[in-house]
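If you want the building blocks of each chain, they are given just below.
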Amino acid sequence: MERVKKMITLFIGVIMALTLVLSEAGMVITAKAEGGVTLKLHYHREDGDYAAWDAWLWPDNGDGAGYPFVDEDGEMVATMEVKPGATKVGFIVRTADWTKDIDKDQFIDISEVISGTVHAYVESGVEGAVKEYGGDVVTGTKLKSATYDGKKTVTVLFTGELSKEQLEGFYVIGRLGEIRVTEATLAKKASDSEYYYDLAIESELESGRNYRVGFEDEEYPINMPIIYSTQEFEDKYTYQGDDLGAVYSKDKTSFRLWAPTAETVFLNLYKSGDPWENDLTDKLEMKPAENGTWQLDVQGDLAGTYYTFTAVLDGLNVEACDPYARTTGVNGKRAMVVDLDSTNPVGWDSDLNPHGGEKINDAVIYELHIRDFSVSEAGGIEDAGKYTAFTKTGTKTAGGNSTGIDYIKDLGVTHVHLLPFYDFGSVDENATSTEQFNWGYDPVNYNVPEGSYSTDPYHGEVRVAEAKQMVKALHDNGLSVVMDVVYNHVYSGKDFCINRLVPGYFSRINADGTYSNGSGCGNDTASERSMVRKYIVDSVCYWAEEYHIDGFRFDLVGLLDVDTINEIMAEVHKTHPDVIFYGEGWSMNTDVTKENVTLCTQQSSAKVPGFAFFNDNIRDGLKGSVFNTAETGWASGSTGKERQLISSFLAAESWSKDPTQIVQYASCHDNNTLLDRIATARSDLDRDTWIKMSNLAAAYYMTSEGIPFMQAGEEILRTKVKEDGTYDSNSYSSGDEVNCIKWETLDDPEYAANLEYYKGLIAFRKEHGLLRLTTTDEISQRVTAAEGLDKNVIAFHMDNSDKAVEDETAEGIFLIFNPNQKETTVTLPEGSWNICVSEGKAGTTSLGEANGSITVSPVSAVILTKGPAGSGASTGTSTGTKPGINGGVAAGAVALVAAAVAAIAIILTRRKK
């Protein structure tokens, strides 16, 4: 390998020296290229195994995409036609699950290349690329962008200064012919590589049409003013109907597409959903209809027929999938007409939300990835990684412990939050490998279930039927279903169906033609536009109605506007009043396309009543910032955080003091797991202490006012360890080995005990209405932070002495949280108190009584109730040493024996390992 690196370095030096000599001799410009810049990335591996690899390439002015390696004269080459105006191309050589050859973004400089072929030679395991120009390369000053001002000026940006002769060679051309440039003048020199020139044109350009500027035998697209957000456009082209897409009946199917800028639209009917098959059966011209829509009725029973639309835009034919597709063929390229009634499972008509009628604060939300749930062989679950795995009951580990849906039901959570399962683009449904993995935050078809989770991605009705079977199985087991939705961006801005059919409409695009990128995913959704808003509202309503979804978690909802979110909730609640809504309200930099738009961030919570937001204050307060893994949190040893954590517990944040709008959590799919995050920051401590800290954090957020939320597996000490032994903090494509639920750990007493502790916490929360108050006034009247405690210790007294709190039998609850490495003694309110949570035990039965005061062991929580302890449900157990109780009955002989047995079992298990 060292020899290869030296050879690459030497070759780079030779090429650079040769390029300099040729340039000085005037020999680089050897020929005019036909068209723009073509990049050919040559990749070499010593093992000769290229089957799993491709090149992810992106221009600095556009989106990325995967390019396959093709054999060209014995070399493996990925070929990309570079978008005009690009000055560099980024590259990552990767596998389908995003294993990278070199784990960093790398770039190929093409800033001086006007046209021709650029070769880049990449050696596996070696950083950088050797660049070589083809004989057709033309170098020189390069046009980067062209922008029309809406009147009679086109401003062009060049990488260098133009000569007088060059200034006389411009022209503008559109669908009706050439528009003369009357004058070209230097407008501004921003830097040595940025020269702006104004081109005066003899007539105004037609809005909504495409034009190009001609320069030295090349033509470049002009960025036109965005008219989509003007009142005039919206008044004329906002369609209010409910029949977009394909409306099926056995007698006919009615097709309607919104494409207001199209000159003509055709409906293409196909025999299969396989995009590589040339099996077009009919091409039918659609009729223009109201508000920019196109409509056509096709007689007969079309169920199972695949279709696309072709829009003619400025004389060009653009084919795309139906934005309102209900299902598709493999990889979502062709929509399919589907008889939705035929996909309903038995009993679907009577299927209901098992937690209908309950408040959002009654929810305990469990975040789960569909593939993670069942893919491990240790779970013994058939249809591993598929929707139908949720229908399997009676599954167990080798040791006889329940797995799968039986396990989740027994855990006691109320809602299962499923990571995205609409059709996404980061997994190839046609690939032979069964080990592809992605979280799925890459939307392609918003109203279509993802095909890789179905047993048959080739026949569109199968994914629909199996997704419904999954939902019904969860409902039948008392579990409501939350769908993770990602309306803030799409997988590829330029390839998304709406942006193809109505160029750029769905996305926020800047004046220079680049996408606004607050999401960090390449494009932001223009939710403020009327037909984008309608599309999102229609989509959410569709999932709630057709798939019986009980809640929606919005990814990066801070990029969407409050009017869209309010309309979604209003429309869904008309027919499904129990559906819950929450999301990530982070503030991000995005360029909205209208004035007076308010984005749906935490700070805007008062403008979206009924919508809840993730609380990063409690998350980071408990374990440390997600942006600095060396930082500790209150539960892991940081001091001086009492005030912050008290406010979070009381659901009294600066951005909201409404407990129905605050999601309390310590971990989710993003960043490290809870245990990994604590272990990373506290590598100086032992595993037992990490577990105690993790459970302290869990006890804190699980009993806080607000809405508790947990990552699947947190209760069994979930960890994500990479091959090099480090913790994976972004496992979106890391594969099954890292991400799967480790069902086998249930047979280990350490993990089983931790599970019991979580089950006890969940049962305790569900038992006590004092933990689920729904108004700021109730909390302020009934929950008080205790004073006079040791530093870092936090305690609360919850009062129900008037017995007026709904779903509460106790007269009061007293909660103590001790993050210190030493025990603390706390004075109790007057009376006798039942101990329900102490050290490693939690539940609704009494572990003993205390009065006067109680001693709390290091890094642990104690929770007591006054009056009845609860319904008598079993008490959960985790690892611990001894109950630290003074002033009353110790914890009872039963608790001592149970703790001792658990400790001995753990010791014996560890000796076997």
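Each remark here, short or long, concerns the structure printed above.
Rules behind the numbers
- Residues numbered from 1 in each chain as written.
- Predicted model: local features only at pLDDT ≥ 70, side-chain atom pairs only at ≥ 80, totals over all residues.
- Heavy atoms only, no water.
- Helix = DSSP H or I, 4+ residues; strand = E, 2+ residues; numbered from the N terminus.
- Rg over C-alpha atoms; globule rule 2.2 N^0.38 Å.
- Contact = heavy atoms within 4.5 Å.
- Areas by Shrake-Rupley, 256 points an atom, 1.4 Å probe, with all protein chains shown as cover.
- Lys, Arg positive; Asp, Glu negative; His and termini not counted.
- Charge placed at Lys NZ, Arg CZ, Asp CG, Glu CD.
- Pairing = 2+ DSSP bridges.
- Axes fitted to C-alpha atoms, helices over the stretch in contact; angles between N-to-C directions.
- Parallel < 35°, antiparallel > 145°, perpendicular 65-115°, else oblique.
- Left-handed = near helix turned anticlockwise from the far one by under 90°.
- Nonpolar A, V, L, I, M, F, W, Y, C, P; charged D, E, K, R; others polar.
- Salt bridge = Lys/Arg side-chain N within 4 Å of Asp/Glu carboxyl O.
- Buried < 20%, exposed > 50% of the residue type's maximum accessible area, 1.4 Å probe, protein only.
- Core = buried A, V, L, I, M, F, W, Y, C linked by side-chain atoms within 4.5 Å.
- Polar contact = N/O pair within 3.5 Å; in protein donor to acceptor, adjacent residues only side chain to side chain.
- Phe/Tyr/Trp six-rings, centres within 6.5 Å; stacked < 30°, edge-to-face > 60°.
- Lys NZ or Arg CZ within 6 Å of the ring centre and 35° of its normal.
- Expected span 1.5 Å × (residues − 1).

Moving on, we get to the overall build of the chain. Each helix and strand counted, the chain has 17 helices and 47 strands in total. Relative to the globule expectation of 29 Å for 913 residues, the C-alpha radius of gyration of the chain, 31 Å, shows essentially globular dimensions. By principal-axis analysis of the C-alpha atoms, the chain measures approximately 95 × 70 × 50 Å. Long-range contacts, defined here as pairs at least 24 residues apart, represent 70% of the contacts in the chain between residues at least 6 apart. A total accessible area of about 36400 Å² is found for the chain, and carbon and sulfur atoms account for 49% of it. Counting 80 positive and 138 negative side-chain charges, the chain places the centres of these two groups 3 Å from one another.

Looking now at the sheet that holds strand β23 (residues 287-288). Judged by pairing direction, the sheet is antiparallel, and its four strands sit side by side in the order β19-β20-β24-β23 without closing on themselves. What marks the edges here is a single partner per strand, and that holds for β19 (245-248) and β23. Bridge count for strand β20 (residues 252-258) against strand β24 (residues 293-299) is seven bridges, and the pairing is antiparallel. Along β24, the bridge assignment pairs F255 with L296.

A word on the packing of helix α10 (residues 616-623) against helix α11 (residues 642-649). Look at α10 against α11: their axes get within 9 Å of each other, and the N-to-C directions meet at 140 degrees. When the axes of α10 and α11 are compared, the pair comes out oblique. Here the hand of the crossing between α10 and α11 comes out left-handed. Counting all contacts with α10, which are made through N617, I618, G621 and L622, the residues of α11 involved are Q644, L645 and S648. For the contact of α10 with α11, the residue count by class is three nonpolar, four polar and no charged.

Next up on the list: the pattern of salt bridges. Side chains that differ in charge, positive against negative, can pair when their charged atoms come close. Applying the stated criterion across every chain, the model contains 43 salt bridges. Between E263 and R209 there is a salt bridge, with its nearest N and O atoms 3.7 Å apart. Of the two residues, E263 sits in the loop between β20 and β21 (264-270) while R209 sits in the loop between β16 (194-201) and β17 (212-215), which places them 54 residues apart along the sequence. Looking at E263, the relative accessible area reads 30%, which means it is partly exposed. Among the ionic pairs, R553 bridges to D555, the shortest N-O distance being 3.3 Å. We classify D555 as buried; its relative accessible area is 8%. Taken together, the shared-partner salt bridges in this structure form one network comprising R175, E206, R209, E263 and D314.

Within the open sheet, the four strands sit side by side as β14-β13-β17-β18. Their pairing is antiparallel. The strands lining the two open edges of the sheet, one partner per strand, are β14 (177-179) and β18 (218-221). With strand direction ignored, the average angle separating the axes of adjacent strands in the sheet is 35 degrees. With three bridges connecting them, strand β13 (residues 171-174) and β14 associate as antiparallel partners. Each bridged residue has a counterpart across the sheet, and for G174 the counterpart in β14 is G177.

Turning to the pairing of strand β32 (residues 480-485), a few remarks are in order. Side-chain positions along a regular strand alternate between the two faces of the sheet. Within β32, six of the six residues are buried, which leaves it mostly tucked inside the rest of the structure. Bridge count for strand β29 (residues 415-418) against β32 is four bridges, and the pairing is parallel. Looking at β32, one finds that L418 is bridged to M483. As paired elements, β32 and strand β33 (residues 551-554) share four bridges and run parallel to each other. Paired with V482 across the strands is G551, a residue of β33.

By size, the foremost hydrophobic cluster in this structure holds 168 residues, and its most contacted members are F552 and F554. The greatest single-element share of this core, amounting to ten residues, is contributed by helix α13 (residues 687-703). Ignoring anything within four residues of it in the chain, the contact list for F554 reads V485, Y487, V540, L560, I565, I568, F581, Y582, G583, E584 and F611.

For S426, the position within the fold is in the loop between β30 (422-424) and β31 (443-449). The class for S426 is buried, based on a relative accessible area of 10%. It is 42 Å that separates the C-alpha atoms of S426 and P819, two residues lying 393 residues apart in sequence. The contact partners of S426, leaving out residues within four places of it in the chain, are A96, N438, G440, D442 and Y491. Only 3.2 Å separates the side chain of S426 from the side chain of N438, close enough to count as a polar contact. Engagement of the side chain of S426 in a polar contact is seen with the side chain of D442, the distance being 2.6 Å.

A few words now on the packing of aromatic side chains. In this structure the tally under the stated criterion is 52 aromatic pairs. For the ring pair F649 and Y700, a centre distance of 5.3 Å and an interplane angle of 65 degrees mean the geometry is edge-to-face. In this pair, F649 sits in helix α11 while Y700 sits in helix α13, placing the two residues 51 residues apart along the sequence. Note on accessibility: F649 and Y700 belong to one class, buried. For the cation-ring pair, K283 lies above F266, with the distance from its terminal atom to the ring centre recorded as 4.9 Å. Seen from the ring of Y505, R529 lies directly overhead, with NZ or CZ sitting 5.6 Å from the centre.

Let's shift gears to helix α6 (residues 460-476). Given 3.6 residues per turn, any residue in an α-helix points the same way as the ones three and four places further on. With 17 residues, α6 should reach 24 Å at 1.5 Å per residue; the first-to-last C-alpha distance of 25 Å fits that figure. With its phi angle positive at about 80 degrees, G478 sits one or two positions after the end of α6.

In short, shape yes, function no, at least from these values alone.
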